[in-house]
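Fold and contact review
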Amino acid sequence: RPPRPTPKPSSAASDVYKRQAYYDASLPDIEADRDKLHQVFLNLVRNASEACPADGRVRVLTRHCAHWELAGTNLDPTRRYILVSIEDEGPGIPEELRKNIFKPLFSTKKQGTGLGLSISFRLVESHGGQLRYQPSERSGACFQVILPESQSESLEENSPNFVYQDLRKEIS
């Protein structure tokens, strides 16, 4: 079992919430569209930060996805996946609303368009992955992005489908 990374709190003075990140440095490359994944993670982190109280925390965790975690999904169990969790300390999503959160035009926000999660859901699916919600173990919400590891031996750094092994640039 790899050692647990140490949290890296946010250094931005304008943040009204605290950000903690736990990155697994052993994660392999993934093949994906960098801009589309940036849109997904930006939306998820923004939603988490808006849901947090002023003294709340947003946690970002990357790790290998265990095969048992694929149970109940339509993902290929013969492939390996990485998991990115974005967790907040907000109120969470009431159980009666959870079945609608990925539907277009559904929003729990007064000023929300209802497009962020539905677009993110489709973008992750287009990469052969899955975006899912589960209540946080602490309190609040936890969104998990499951993405397949690259099957290519080598990826070109200048390719539009190259995503650095270090996902921190995309979700920090």
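Counting of residues starts from 1 at the beginning of each chain's written sequence and follows it residue by residue. Only residues with pLDDT of at least 70 get local features here, since the model is predicted, and only at 80 or more are side-chain atom pairs given and counted; chain-wide, interface and lining totals rely on the full set of residues. With hydrogens and water excluded, all non-hydrogen atoms of the structure serve as input to the side-chain values.

1. Focus: the overall build of the protein chain
In this description a helix means any DSSP run of H or I spanning at least four residues, a strand means any run of E spanning at least two, and both kinds are numbered starting from the N terminus. The helix and strand inventory of the protein chain stands at three helices and seven strands. Three exposure classes are used, based on accessible area relative to the maximum for each residue type with a 1.4 Å probe and protein chains only: buried under 20%, partly exposed in between, and exposed over 50%. Out of the 172 residues in the protein chain, the part that is buried amounts to 42%. Summarising the internal contacts of the protein chain: among those between residues at least 6 apart in sequence, 69% fall at separations of at least 24. Computed by Shrake-Rupley with a 1.4 Å probe, the accessible areas treat only the displayed protein chains as cover when residues are assessed. When the accessible surface of the protein chain is summed, it comes to about 10100 Å², and 50% of that surface belongs to carbon and sulfur atoms. Contact definition: two residues touch when any of their heavy atoms are within 4.5 Å.

2. What about the side chain of Thr62?
With respect to the secondary-structure elements, Thr62 resides in strand β3 (residues 57-65). Given the relative accessible area of 4%, Thr62 is considered buried. A distance of 2.9 Å separates the side chain of Thr62 from the backbone nitrogen of Asp24, its partner in a polar contact. In the analysis that follows, any N or O atom pair within 3.5 Å is treated as a polar contact, provided that within protein one partner can donate a hydrogen and the other can accept it, and provided that, for residues neighboring in sequence, both atoms belong to side chains.

3. Regarding the confidence of the model for the protein chain
On average, residues of the protein chain carry a pLDDT of 80, and 78% of them reach 70 or more. Within the protein chain, the lowest mean pLDDT, 46, falls on strand β7 (residues 162-163), and the highest, 95, falls on strand β6 (residues 141-148). Predicted confidence is poor over residues 1-15, with pLDDT under 50, and the contacts of this stretch with residues over four places away or in other chains come to 15 contacts. pLDDT runs from 0 to 100 and stands for how confident the predictor is about each residue.

4. Considerations on the sheet that holds strand β5 (residues 130-135)
Any two strands between which DSSP finds at least two bridges are classified as paired. On the basis of which strands lie adjacent, the open sheet formed by five strands has the order β1-β3-β4-β6-β5 and mixed pairing. Each of the sheet's edge strands pairs with one partner strand only, and the pair in question is β1 (18-22) and β5. Sheet twist, expressed as the average angle between the axes of neighbouring strands with direction ignored, equals 15°. Sheet topology note: the β5/β6 ladder contains six bridges and is antiparallel. By the bridge assignment for β6, Gln130 is matched with Ile146. Working convention: axes come from line fits to C-alpha atoms, limited for helices to the stretch in contact. Angles between N-to-C directions cover 0 to 180 degrees. Sitting on the sheet, helix α1 (residues 34-51) is in contact with β3, β4 (81-88), β5 and β6, with an inclination near 25° to β4. Together, β5 and β6 form the strand contacts of helix α2 (residues 116-126), whose direction differs from that of β5 by roughly 130°.

5. A short note on the nonpolar core
Ranked by size, the top nonpolar core spans 29 residues in total, and within it Leu44, Ile86, Phe143 and Val145 carry the most contacts. Sort the elements by how many residues they give to this core and α1 lands first, with six residues. Discounting chain neighbours no more than four positions away, the residues touching Ile86 are Phe41, Leu44, Val45, Ala48, Val58, Arg59, Val60, Ala141, Cys142 and Phe143. The set of buried Ala, Val, Leu, Ile, Met, Phe, Trp, Tyr and Cys residues whose side-chain atoms join them within 4.5 Å is what this entry labels a nonpolar core. Cys65, Leu70, Tyr81 and Ile146 belong to the second largest nonpolar core, which has six residues in total.

6. As for the packing of aromatic side chains
Two aromatic rings, drawn from Phe, Tyr or Trp (for Trp, its six-membered ring), form a pair once their centres lie within 6.5 Å of each other, and the interplanar angle then sorts them: stacked below 30 degrees, edge-to-face above 60, tilted otherwise. Per the stated rule, a full pass over the model turns up three aromatic pairs. Among the aromatic residues, ring-to-ring pairing joins Phe102, Phe121, Tyr133 and Phe143 into one connected group.

7. Some words on a nonpolar patch on the surface
On the surface, Leu105, Leu115 and Ile119 cluster together into a nonpolar patch covering about 270 Å² of accessible area. Take Leu115: it is sitting in the loop between β4 and α2. Taking relative accessible area as the criterion, Leu115 reaches 36% and is therefore assigned partly exposed. For patches, a residue must show more than 30% relative accessible area and have no salt bridge; joins then use 9 Å for like charges and 5 Å for nonpolar side chains, namely Val, Leu, Ile, Met, Phe, Trp and Tyr. Here a salt bridge means any side-chain nitrogen of Lys or Arg lying within 4 Å of a carboxyl oxygen belonging to Asp or Glu.

8. Re the pattern of salt bridges
For the coordinates displayed, the defined rule picks out four salt bridges. Of the charged contacts in the structure, one is a salt bridge between Arg59 and Glu89, with a shortest N-O distance of 2.9 Å. Of this pair, Arg59 sits in strand β3 while Glu89 is found in the loop between β4 and α2, placing the two residues 30 residues apart along the sequence. Here Arg59 matches Glu89 in class, with each residue buried. The network of salt bridges with shared partners includes Arg57, Arg59 and Glu89.

9. Focus: the side chain of Glu87
Mapped onto the elements of the fold, Glu87 is located in strand β4. You can call Glu87 buried: its relative accessible area is 12%. Ignoring sequence-local partners within four residues, the contact set of Glu87 consists of Arg57, Val58, Arg59, Ser136, Glu137, Arg138, Ala141 and Cys142.

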